[in-house]
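# Coordinates in review
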Amino acid sequence: MKTLIIYCSIHHNNTEKIVNYILEKTDVEAINILDNKDNIALFEYDNLVFASGIYYGNMDSRIYKFIEENKEHVSGKKIFTMITSGLMSVKYEDTINKELDVRDLVSSGFYQCRGYDTYGPWKLIGGLSKGHPNEDDMENALNFIKNI
Ligand SMILES: Cc1cc2nc3c(=O)[nH]c(=O)nc-3n(C[C@H](O)[C@H](O)[C@H](O)COP(=O)(O)O)c2cc1C
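Residues numbered from 1 in each chain as written. Predicted model: local features only at pLDDT ≥ 70, side-chain atom pairs only at ≥ 80, totals over all residues. Heavy atoms only, no water.

Turning to helix 4 (residues 92-101), its buried residues number three or more, namely Tyr92, Ile96 and Leu100. Within helix 4, the buried residues cover an arc of 75 degrees as seen down the axis, which keeps them to one side. Of the residues in helix 4, the exposed ones pointing more than 90 degrees away from the buried face are Lys98 and Asp101. Turning to helix 4, the residues buried within the fold contact helix 2 (61-69), strand 4 (78-85) and strand 5 (107-114). (Buried < 20%, exposed > 50% of the residue type's maximum accessible area, 1.4 Å probe, protein only. Helix = DSSP H or I, 4+ residues; strand = E, 2+ residues; numbered from the N terminus. Arc of directions from axis to C-beta. Contact = heavy atoms within 4.5 Å.)

Turning our eyes to something else, we now look at the pattern of salt bridges. A complete count under the given rule lists seven salt bridges for this structure. Among the salt bridges present, the one from Asp60 reaches Arg62, with a minimum N-O distance of 2.8 Å. Ionic contacts of the salt-bridge type, sharing partners, join the residues Lys2, Glu29 and Glu44 into one network. (Salt bridge = Lys/Arg side-chain N within 4 Å of Asp/Glu carboxyl O.)

Once that is clear, we can look at the side chain of Arg103. Note that Arg103 resides in the loop between helix 4 and strand 5. Assessed through its relative accessible area of 16%, Arg103 is described here as buried. Other than its neighbours up to four places away in sequence, Arg103 contacts Tyr64, Ile67, Glu68 and Lys71.

To continue, consider the side chain of Asn58. Topologically, Asn58 is positioned in the loop between strand 3 (47-53) and helix 2. Side-chain polar atoms of Asn58 contact the side chain of Glu99, separated by 2.7 Å. Residue contacts for Asn58: discarding those within four places in its chain leaves Gly53, Tyr64, Thr95, Ile96 and Glu99. (Polar contact = N/O pair within 3.5 Å; in protein donor to acceptor, adjacent residues only side chain to side chain.)

All told, the structure shown has four aromatic pairs when counted by the stated rule. Seen in terms of ring centroids, Tyr56 and Tyr119 are 5.6 Å apart; in terms of plane orientation they differ by 85 degrees. Their pairing is edge-to-face. Note that Tyr56 is positioned in the loop between strand 3 and helix 2 and Tyr119 in the loop between strand 5 and helix 5 (135-146), a separation of 63 residues in sequence. Among the residues examined, Tyr56 registers a relative accessible area of 70% and is labelled exposed. Measuring from ring centre to ring centre gives 6.3 Å for Phe80 and Phe144, while their planes differ by 85 degrees; the resulting arrangement is edge-to-face. Separated by 64 residues along the polypeptide, Phe80 in strand 4 and Phe144 in helix 5 bring together distant segments of the chain. Accessibility classification places Phe80 together with Phe144 in one group, the buried group. One aromatic cluster is present, built from ring pairs that chain together Phe80, Tyr111 and Phe144. (Phe/Tyr/Trp six-rings, centres within 6.5 Å; stacked < 30°, edge-to-face > 60°.)

From the geometry alone we can't say anything about function, so treat these as descriptive.
So, in structure tokens, the structure goes:
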């Protein structure tokens, strides 16, 4: 089973840190949503994992745009979602699942961990979720991917 992670990580590379950890330890492949995506052979993959930092309560909108632009390849695959966020208390999974639902997709699994956050007022107090993702977060992310 081939897995591709499509990720967005624009604040502190928190999400990318997790993705890179997975890439080092598995044969999973990944692309950054900001990179040129013209030559991705999506049909080769069985599983697609959408990973993003949380920005204003949701994944980066370019993830959803990618889904829409590649609808015929995305539908029919197993879909998974991974996020890093400053806060753990908010139900981002529900928001993301609703976004997938309106695009006729269902997530088969969700992973979330904290990610260092210095956006807006958090900067004044030295940031939120400092030190994350840490070793445990990355191991948990790796186990999530190994179990899909
Ligand atoms: C513009 C912006 C908005 C954010 N909004 C939220 C938010 O609504 N909820 C939250 O928990 N974290 C929020 N964060 C924190 C990020 O989700 C967190 O730092 C995440 O790990 C960033 O991932 P990245 O470094 O891969 O981009 C926000 C960060 C930025 C820069």
